[in-house]
Amino acid sequence: MNSFRNGWFSEINDLWPGIVQSLEVDSILYNDYSTFQHIMVLQTKSHGRVLILDGIIQCTEKDEFSYQEMISFLPLCSHGSPKRVLIIGGGDGGVAREVAKYPTVEKIVQVEIDAKVVEVSKKFLPHMAKGYESNQHELIIEDGFKYLKNQNDKFDVIITDSSDPVGPAKLLFEKEYFELLKCSLRTNGVICCQAGTIWTNMDQVEKHFTACQSVFPKVNYGISSVPTYPTGQIGFLLGSIDDCIDFKQPRKIFSESELDNLNLSYYSSKIHESCFILPRFAEKNLKRN
Ligand code: SAM
């Protein structure tokens, strides 16, 4: 089926069969293949510029903040005082932008597999790619799985801002990946991974959650609304080797004026505490500790 019809782009994918999200398009700004994937940037009528990889919407200028803030501030505030942060994926730069805001962070290492996504984001999505401008930031172009396998650095927080579990990101959803993450964490370290939606992908969320739980003593799954992701909702898996951690109680609470100064529009400690409250069917499927 064609993704373009009558000036609309439709996100048709077997990951969410029978349901589709469409955006009305003004123009195609970029459309080419890298070594790893098909990359497209669209100028849309209602959601600004949109980055699409292998036909799947990664972020839109209109609602990206909800995803980038939550995947970053949930683990950062759960930890409380992280100094060293690792980002796997995140080619658009939005997560690096958010992590760089956190007051105690001294070093951000980002491992992205596809240099072309970084280049295209710097050119067409400067508001997200400004994460690359931070002095604390170091970019490594490599497969995140391979990087973790071959390095000895330790981090307080590791964020996996990957694409969905197909193509180059497939391994980032497996038990072996969580084992590598565990080896790269400092004491009290926290991980956070993009973890799909309970509406179209409950099986996948459950599998991902179970893999994480087989490696980390503390695991939880929180949700955020992102209108342009399938079903308008996405989840995050949080894990830690710190037995005392309670993800529902952030160790760092920012005041309203601090949240304003950090330019946060979605994240707050109230959102943090409430995002782990799940509908009953999801609660039953995820045997949480
Ligand atoms: N927020 C987005 C979402 O959930 O749809 C993810 C955004 S970000 C653009 C995803 C990035 O993960 C892409 O730039 C992709 O190249 C990168 N990626 C995929 N597999 C990877 C791997 N094995 N190692 C490192 N980066 C990877």
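Everything in this summary refers to the structure shown in the same document.

Take the sheet that holds strand S8 (residues 107-112) next. Strand order in the open sheet formed by seven strands is S9-S8-S7-S10-S11-S13-S12, and the pairing between neighbours is mixed. Edge strands, defined here as strands with exactly one partner in the open sheet, are strand S9 (137-141) and strand S12 (218-225). Taking each pair of neighbouring strands and ignoring which way they run, the sheet shows an average axis angle of 15 degrees. Of the strands in this sheet, strand S11 (185-194), S12 and strand S13 (233-240) are in contact with helix H7 (residues 202-213), which crosses S12 at around 145 degrees.

One recurring pattern in soluble globular proteins: nonpolar side chains tend to sit buried together. Formed by 35 residues in total, the largest nonpolar core has its most connected members in Leu86, Phe178, Leu181, Ile191, Phe216, Tyr221 and Leu237. Residue assignment for this core shows that the elements contributing at least two residues are strand S7 (84-89), S8, helix H5 (144-149), strand S10 (155-161), helix H6 (175-183), S11, H7 and S12. At five residues, H7 tops the list of elements feeding residues into this core. Sequence-distant contacts of phenylalanine 216, defined by excluding residues within four places in its chain, comprise Phe178, Leu181, Lys182, Leu185, Ile191, Gly239, Ser240 and Ile241. Residues Tyr67, Val190, Ile245 and Phe247 belong to the second largest nonpolar core, which totals 33 residues.

Near the ligand there are 25 residues, and of these Gln37, Glu112, Gly144, Pro168 and Tyr229 occur at the shortest range. Within the side chain of glutamine 37, a nitrogen or oxygen atom sits 3.0 Å from an oxygen atom of the ligand. One of the backbone N or O atoms of glycine 144 is found 2.8 Å from a nitrogen atom in the ligand. In isolation the ligand exposes 590 Å². Once the protein is present, 99% of that is buried.

To continue, consider the sheet that holds strand S4 (residues 38-44). Spatial ordering of the open sheet is given by S1-S2-S3-S4-S5-S6, a layout of six strands whose pairing is antiparallel. Looking along the sheet, the strands with just one partner apiece sit at the ends: strand S1 (4-5) and strand S6 (56-60). Alignment of S4 against strand S5 (residues 49-53), held across five bridges, turns out to be antiparallel. In the strand pairing of S5, leucine 42 is matched with valine 50.

Let us now look at the pattern of salt bridges. By the definition in use, this model includes 11 salt bridges. When the shortest N-O distance is used, the salt bridge between arginine 186 and aspartate 156 registers 3.1 Å. Linking arginine 186 in strand S11 with aspartate 156 in strand S10, this pair joins segments that are 30 residues apart in sequence. In this structure, aspartate 246 engages lysine 248 in a salt bridge whose closest nitrogen and oxygen atoms are separated by 3.7 Å. Judged by its relative accessible area of 36%, lysine 248 is partly exposed.

Moving on, we come to H7. Between its first and last C-alpha, H7 extends 16 Å over 12 residues, near the 16 Å set by a 1.5 Å rise per residue. Taken as a whole, H7 has its buried residues at Met202, Val205, His208, Phe209, Ala211 and Cys212. Turning to H7, the residues buried within the fold contact H6, S11, S12, S13 and helix H10 (280-285).

By the secondary structure assignment, glutamine 204 is in helix H7. Spatially, the C-alpha atoms of glutamine 204 and phenylalanine 173 are 9.3 Å apart, while their sequence positions differ by 31 residues. Contact partners of glutamine 204, with chain neighbours within four places excluded, come to Pro165 and Phe173.

Glancing now at the side chain of serine 184. By secondary structure assignment, the location of serine 184 is in the loop between H6 and S11. Every residue in contact with serine 184, bar those within four places of it in the chain, is listed here: Leu148, Gln151, Asp153, Lys154, Phe155 and Ile158.

Moving on: H6. Burial in H6 covers these residues: Tyr177, Phe178, Leu180 and Leu181. End-on, the buried residues of H6 take up no more than an arc of 160 degrees, which puts them together on one face. On the buried face of H6, the contacting elements are S7, H5, S10, S11, H7 and S13.

Another aspect to go through is empty space enclosed by the protein. All chains considered together, the criterion is met by one cavity of 30 Å³ or more. One number sums up the size of the largest cavity: a volume of about 550 Å³. Lining the largest cavity are 43 residues, and of these Gln58, Ser162, Ser163, Asp164 and Gln194 lie nearest its centre. Tallying contributions element by element places S6 first for the lining of the largest cavity, with four residues. Class assignment of the residues belonging to the lining of the largest cavity gives a composition of 21 nonpolar, 15 polar and seven charged.

To continue, consider the side chain of histidine 47. Counting through the fold element by element, histidine 47 comes out in the loop between S4 and S5. A distance of 2.8 Å separates the side chain of histidine 47 from the side chain of serine 46, its partner in a polar contact.

How each quantity is defined
Residues numbered from 1 in each chain as written. Predicted model: local features only at pLDDT ≥ 70, side-chain atom pairs only at ≥ 80, totals over all residues. Heavy atoms only, no water. Pairing = 2+ DSSP bridges. Helix = DSSP H or I, 4+ residues; strand = E, 2+ residues; numbered from the N terminus. Axes fitted to C-alpha atoms, helices over the stretch in contact; angles between N-to-C directions. Contact = heavy atoms within 4.5 Å. Core = buried A, V, L, I, M, F, W, Y, C linked by side-chain atoms within 4.5 Å. Buried < 20%, exposed > 50% of the residue type's maximum accessible area, 1.4 Å probe, protein only. Near = heavy atom within 4 Å. Polar contact = N/O pair within 3.5 Å; in protein donor to acceptor, adjacent residues only side chain to side chain. Areas by Shrake-Rupley, 256 points an atom, 1.4 Å probe, with all protein chains shown as cover. Salt bridge = Lys/Arg side-chain N within 4 Å of Asp/Glu carboxyl O. Expected span 1.5 Å × (residues − 1). Arc of directions from axis to C-beta. 1 Å grid on protein atoms, 1.4 Å probe; cavity = no way out; pocket = protein on both sides within 12 Å on 5 of 7 lines; lining within 4 Å. Points joined across faces, edges and corners; volume = space filled by probe spheres on them. Nonpolar A, V, L, I, M, F, W, Y, C, P; charged D, E, K, R; others polar.

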